[in-house]
Each structure stands twice: as structure tokens, then as C-alpha cells.
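Structural description and commentary
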Amino acid sequence: MVEWTDFERQTIADIFGKINYETVGSSALARCLIVYPWTQRYFGNFGNLYNAGAIKINPMIAKHGTTIVHGLDRAWKNLDNIKEAYTDLSILHSEKIHVDPDNFRLFCDCLTITLAAQMGADFNADVQAVVQKFLMVVVSALGRQYH
């Protein structure tokens, strides 16, 4: 079980209480697909992903990015039991969709950059440490069902 300080709990709640899910989700997923093009293989039915411009304006990418970031609500609302909260998503991604679990980390790296850009000076080293810890716990929970 992960231990969370009051500062960490409050920081996570503050971030998710302030972010624009649509903007952050869309930007983070687009960044992931552009920077790590091999991650596009899971989105073959999302239409035109031939270049960065097409990815950035693709409405299906925007919608799925928003869905992913909203999926993090499950974690921050269940900080003391993230692994259990993500059991069904872990099974879905490992057994049905067969997503490479390293892609979770890649997306989280892109999400961290996107949050930093949105938050500006408020995204200091202490906040970054909390965000990285939180996201790595989520990545671990999502990867739990992989063999």
C-alpha cells in the first residue's frame, strides 16, 4: 500500500479540481501519439493519424484523451486502494486490448508535460514529485494483470 501525505492528497485533489479535462486529455494523448508513433497502433480505427497536425485535430483522439484523464478520477478518489480501483481496467487492457504496459508510462510522461505547461509556475518540483508518484502508482495498478 502506498502512503500519502496530507500535502500529496491535497495537491492531487487541487490538480484534478482545476484542470480542464478536455484540453489536458486531448493534448496529452496527441503528444504521446506524436512523440511515440508506435503507440498509434492501438488507434487504427481513429481515422487520419498520418501526421502531427492530423492527430492534434482528430476528434476521436481528443475524446479518448479526455476519457483517459477522467479515468484518473478513479485513482485520486481512491488513493488508499488504487490497485483495486483499477482491477477491471487492468484486465481490459491486458487481456482484451493487449496494450503494451509501457505505453501507460509513456502517456503519463506526456500528461506530466501537459500539466506542467497548463499550470506554469504552479507546477514546481514539489508538485511534480507528487504528480509523478501518483501517476506511477496508477501505471503499476494498470500493469498489475500482465504476466
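Preceding this section is the structure that the text describes.
On to the overall build of the protein chain, then. Secondary structure assignment for the protein chain yields nine helices and zero strands. Reading the protein chain from its N terminus to its C terminus gives the helix and strand order α-α-α-α-α-α-α-α-α. On C-alpha atoms alone, the protein chain measures out to a radius of gyration of 15 Å, which is about the 15 Å that the 2.2 N^0.38 rule sets for 147 residues. In terms of overall dimensions, the protein chain has a C-alpha envelope of 45 × 40 × 20 Å along the principal axes. The buried share of the protein chain, reckoned over its 147 residues, is 42%. Long-range pairs, those at least 24 residues apart, make up 73% of the contacts in the protein chain between residues at least 6 apart in sequence. Total accessible area on the protein chain stands at roughly 8,000 Å², and carbon and sulfur atoms take up 56% of it. Separation of charge centres in the protein chain, based on 13 positive and 15 negative side chains, amounts to 6 Å.

Every α-helix winds through 3.6 residues per turn, so residues three or four apart in the chain are directed the same way. Between the first and last C-alpha of helix α8 (residues 102-119) there are 26 Å, a value that for 18 residues agrees with the 26 Å anticipated at 1.5 Å per step. N103, F104, L106, F107, C108, C110, L111, T112, T114 and L115 are the residues of α8 that are buried. G120 lies just past α8 and shows a positive phi near 60°.

Along the polypeptide, T66 turns up in helix α4 (residues 59-71). From its side chain, T66 meets the backbone oxygen of A62 in a polar contact 3.0 Å long. Residue contacts for T66: discarding those within four places in its chain leaves Y21, E22, G25 and S26.

In terms of nonpolar packing, the biggest core is built from 44 residues, with F16, I82, Y86, L111 and F134 touching the most fellow members. The element best represented in this core is helix α9 (residues 125-142), accounting for 10 residues. Contacts of L111, omitting those with residues within four sequence positions, involve V24, A28, V69, L72 and L135.

At their nearest, the axes of helix α2 (residues 21-35) and α4 sit 7 Å apart, and the two run at 110° to each other. The orientation of α2 relative to α4 falls into the category roughly perpendicular. The handedness of the crossing between α2 and α4 comes out as right-handed. Residues Y21, E22, V24, G25, S26, L29, A30 and L33 of α2 pack against I61, A62, H64, G65, T66, I68, V69 and H70 of α4. A breakdown of the residues in the contact of α2 with α4 according to their chemical character gives nine nonpolar, six polar and one charged.

Reading the values: rules and limits
- Residues numbered from 1 in each chain as written.
- Predicted model: local features only at pLDDT ≥ 70, side-chain atom pairs only at ≥ 80, totals over all residues.
- Heavy atoms only, no water.
- Helix = DSSP H or I, 4+ residues; strand = E, 2+ residues; numbered from the N terminus.
- Rg over C-alpha atoms; globule rule 2.2 N^0.38 Å.
- Buried < 20%, exposed > 50% of the residue type's maximum accessible area, 1.4 Å probe, protein only.
- Contact = heavy atoms within 4.5 Å.
- Areas by Shrake-Rupley, 256 points an atom, 1.4 Å probe, with all protein chains shown as cover.
- Lys, Arg positive; Asp, Glu negative; His and termini not counted.
- Charge placed at Lys NZ, Arg CZ, Asp CG, Glu CD.
- Expected span 1.5 Å × (residues − 1).
- Polar contact = N/O pair within 3.5 Å; in protein donor to acceptor, adjacent residues only side chain to side chain.
- Core = buried A, V, L, I, M, F, W, Y, C linked by side-chain atoms within 4.5 Å.
- Axes fitted to C-alpha atoms, helices over the stretch in contact; angles between N-to-C directions.
- Parallel < 35°, antiparallel > 145°, perpendicular 65-115°, else oblique.
- Left-handed = near helix turned anticlockwise from the far one by under 90°.
- Nonpolar A, V, L, I, M, F, W, Y, C, P; charged D, E, K, R; others polar.

Distances and angles like these do not, on their own, reveal function.
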